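# Observations on chain architecture
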Amino acid sequence: MARPTLVSVEIATLAPVTRVLAVNGRIAAVRSVDVRSVVSGTLAQLPVAEGDMVEADQILAQLDAGAQTAAVRQAMATLDAAHVTQQQASEAYDRAVVLGDNVPRTVLEADAFALRSAAQEVARLTALLDQAQIVLGTYTIRAPVAGTVLELDAEAGQIVGPSARLLTLADLTELVVEADVDEAYARQIAVDLSAIVQLAGESTTREGHVSFVSNRVDEATGGLAIKIAFDSPVSAPIGLTVATNIIVEQREAALTVPRTALLNGDGVFVVSDDVAELRPVTVVDWPAARLIVTGGLEAGEAVIVDATGIADGQTVAVDQP
């Protein structure tokens, strides 16, 4: 007679279970800004370097503003001439008013029209001067926020414009982990879920929580963007790799089986009177070595840990450790 197949079993036991999702992410700043020039020109000065800490409104770069400065002076000169014309029109109108009936009505109306026209021209040229001065101000690029210079993408003497990034500013006092979750588990991830994170190069772990979950899955990658915030302040370089375990669910008592015990994903073999009995079960499908059984298995039953090559009704012998 053929010998019974030797199998390893484990006894189904209720125990606390934590379901986690492991993802890899990278350190990023909560707030970062790409600084660009709103006008085109030659970069004359770049008084900052990578790693420098800057304050809000601090000068980051200076473009050559010679042509715009000349435009401002020209606008000022034109406005001064308009003021002179307005003053002359005002004096002519005042004289016509003082002379009264000695001045023909057509002359008085002409002087009044000339005064209004001069005033309108002064207003127009004032607006042009204001516009020229505003444009001149854009040649001096200032920090929109306080932060640290992460990257420099330009050099003095280079021609830059609105499409060219000059540098990147970031607030390094508040960091997060940016990661992508496969769309198969997108509905399991929610804001405020706890997480255990481990920075590359460290042997200790840190506590955190999910602070952001995107409402859109990337069609190209099938990933859902998430952010994980640290529960306590951390200092780390931007882009550092971080291993993260997101705690999706915790149960005080549940049955689990090894993934290798499953046959076609919906059945396990239970040993009863030295016979392998196929038992339909329901499990929580999850990327883990062990799966939570939600139905079809009772505590105390002996489950064959590897279903490979086992058939329903086959005679087996339990391998005693």
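None of these values were measured; they are calculated from a predicted model.

Helix and strand counts for the protein chain stand at two helices and 22 strands. For 321 residues, the compact-globule formula gives about 20 Å, and the C-alpha radius of gyration of the protein chain, at 38 Å, lies well above that figure. Put simply, the protein chain has 321 residues, and 35% of those count as buried. Relative to all contacts within the protein chain whose residues are 6 or more apart in sequence, the contacts with residues 24 or more apart total 73%. A total of about 18700 Å² of accessible surface is found on the protein chain, and carbon and sulfur atoms cover 51% of it. In the protein chain, the 20 positive side-chain charges and the 42 negative ones have mean positions that sit 5 Å from each other.

Let us look at unusual backbone geometry. Both trends apply: most residues other than glycine have a negative phi, and most peptide bonds are in trans. Even without being glycine, Asp57 reaches a positive phi, approximately 75°. On the basis of relative accessibility, which here comes to 48%, the residue Asp57 falls in the partly exposed class. With phi around 80°, Asp192 is a residue other than glycine that occupies positive phi space. Note that Asp192 resides in the loop between β12 (175-182) and β13 (194-199). Of the residues examined, Asp192 reaches a relative accessible area of 59% and is grouped as exposed.

Next up on the list: the pattern of salt bridges. For the structure on display, the rule yields 12 salt bridges. The salt bridge partner of Glu249 is Arg19, with a shortest N-O separation of 2.6 Å. Of this pair, Glu249 sits in strand β16 (residues 241-258) while Arg19 sits in strand β3 (residues 15-29), and the two are 230 residues apart along the sequence. Across the salt bridge formed by Asp153 and Arg165, the nearest N and O atoms sit 2.9 Å from each other.

Attention now goes to the environment of Ala15. Within the secondary structure, Ala15 is located in strand β3. Of the residues examined, Ala15 reaches a relative accessible area of 30% and is grouped as partly exposed. Placed 145 residues apart in sequence, Ala15 and Val160 show a C-alpha to C-alpha distance of 63 Å.

Before going further, it helps to spend a moment on helix α1 (residues 66-99). For α1, built from 34 residues, the straight-helix expectation of 50 Å at 1.5 Å per residue is met to within 8% by its first-to-last C-alpha distance of 50 Å. Along α1, the residues that are buried comprise Gln68, Val72, Ala75, Leu79, Ala82, Ala89 and Ala96.

With that settled, the discussion passes to helix α2 (residues 105-137). Residues lying three or four places apart along an α-helix face the same way, a consequence of the helix completing one turn every 3.6 residues. When the terminal C-alpha atoms of α2 are compared, their 48 Å separation across 33 residues agrees well with the 48 Å that a helix rising 1.5 Å per residue should span. Taken as a whole, α2 has its buried residues at Asp111, Ala112, Ala118, Val122, Leu125, Leu129 and Ala132. Taken together, the buried residues of α2 touch α1.

If you trace the four strands from one edge of the open sheet to the other, you get β4-β11-β9-β6, paired in antiparallel fashion. The open sheet terminates on both sides in strands that have one partner only, identified here as β4 (32-36) and β6 (53-54). Sheet topology places β4 next to strand β11 (residues 165-170); five bridges connect them, and they run antiparallel. Bridged to Asp34 within β11 is Thr168.

On to the packing of aromatic side chains. Across all of its chains, the model carries one aromatic pair by this definition. Look at Tyr185 and Trp286: their rings are 5.0 Å apart centre to centre, the planes differ by 65°, and that puts the pair in the edge-to-face class. Pair noted here: Tyr185 is in the loop between β12 and β13 and Trp286 is in the loop between β19 (282-283) and β20 (290-295), with a separation of 101 residues, a long-range link. Exposure remark for Trp286: the relative accessible area of 3% places this residue in the buried category. Geometry around Trp286 places Arg19 over its ring, the cationic atom sitting 4.5 Å from the centre. Taking NZ or CZ as reference, Lys227 lies 5.5 Å from the ring centre of Phe212, over its face.

About the cut-offs
For every chain, the first residue of the written sequence is number 1, and numbering continues from 1 along that sequence. Per-residue local features are limited, in this predicted model, to residues with pLDDT of at least 70; the limit for side-chain atom pairs, both in listing and counting, is 80 or more; totals at the level of whole chains, interfaces and linings are taken over all residues. For the side-chain quantities, the full set of heavy atoms in the structure was used; hydrogens and water were omitted. Put simply, DSSP marks the helices as runs of H or I at least four residues long and the strands as runs of E at least two long, and each gets a number from the N terminus on. Each radius of gyration reported is based on C-alpha atoms, and the globular scaling rule is 2.2 Å times the count of residues to the power 0.38. Burial classes follow relative accessibility: with a 1.4 Å probe on protein chains only, a residue under 20% of its type's maximum area counts as buried, one over 50% as exposed, and anything between as partly exposed. Contacts: residue pairs with any heavy atoms within 4.5 Å of one another. Computed with a 1.4 Å probe, the accessible areas rest on the Shrake-Rupley method; for each residue, only the protein chains presented here act as cover. For the charge count, each Lys or Arg is scored as positive and each Asp or Glu as negative, with His and the chain ends excluded. For the purpose of locating charges, the reference atoms are NZ of Lys, CZ of Arg, CG of Asp and CD of Glu. Any Lys or Arg side-chain nitrogen found within 4 Å of a carboxyl oxygen on Asp or Glu counts as a salt bridge. Expected span of a helix: the number of residues minus one, times 1.5 Å. Strands were regarded as paired on the criterion that DSSP finds at least two bridges between them. Each pair of aromatic rings taken from Phe, Tyr and Trp, with Trp reduced to its six-membered ring, is defined by centres within 6.5 Å and is described as stacked if the planes are under 30 degrees apart, edge-to-face if over 60, and tilted in the remaining cases. The rule is short: NZ of Lys or CZ of Arg within 6 Å of the ring centre and within 35 degrees of the ring normal puts a charge over the ring.

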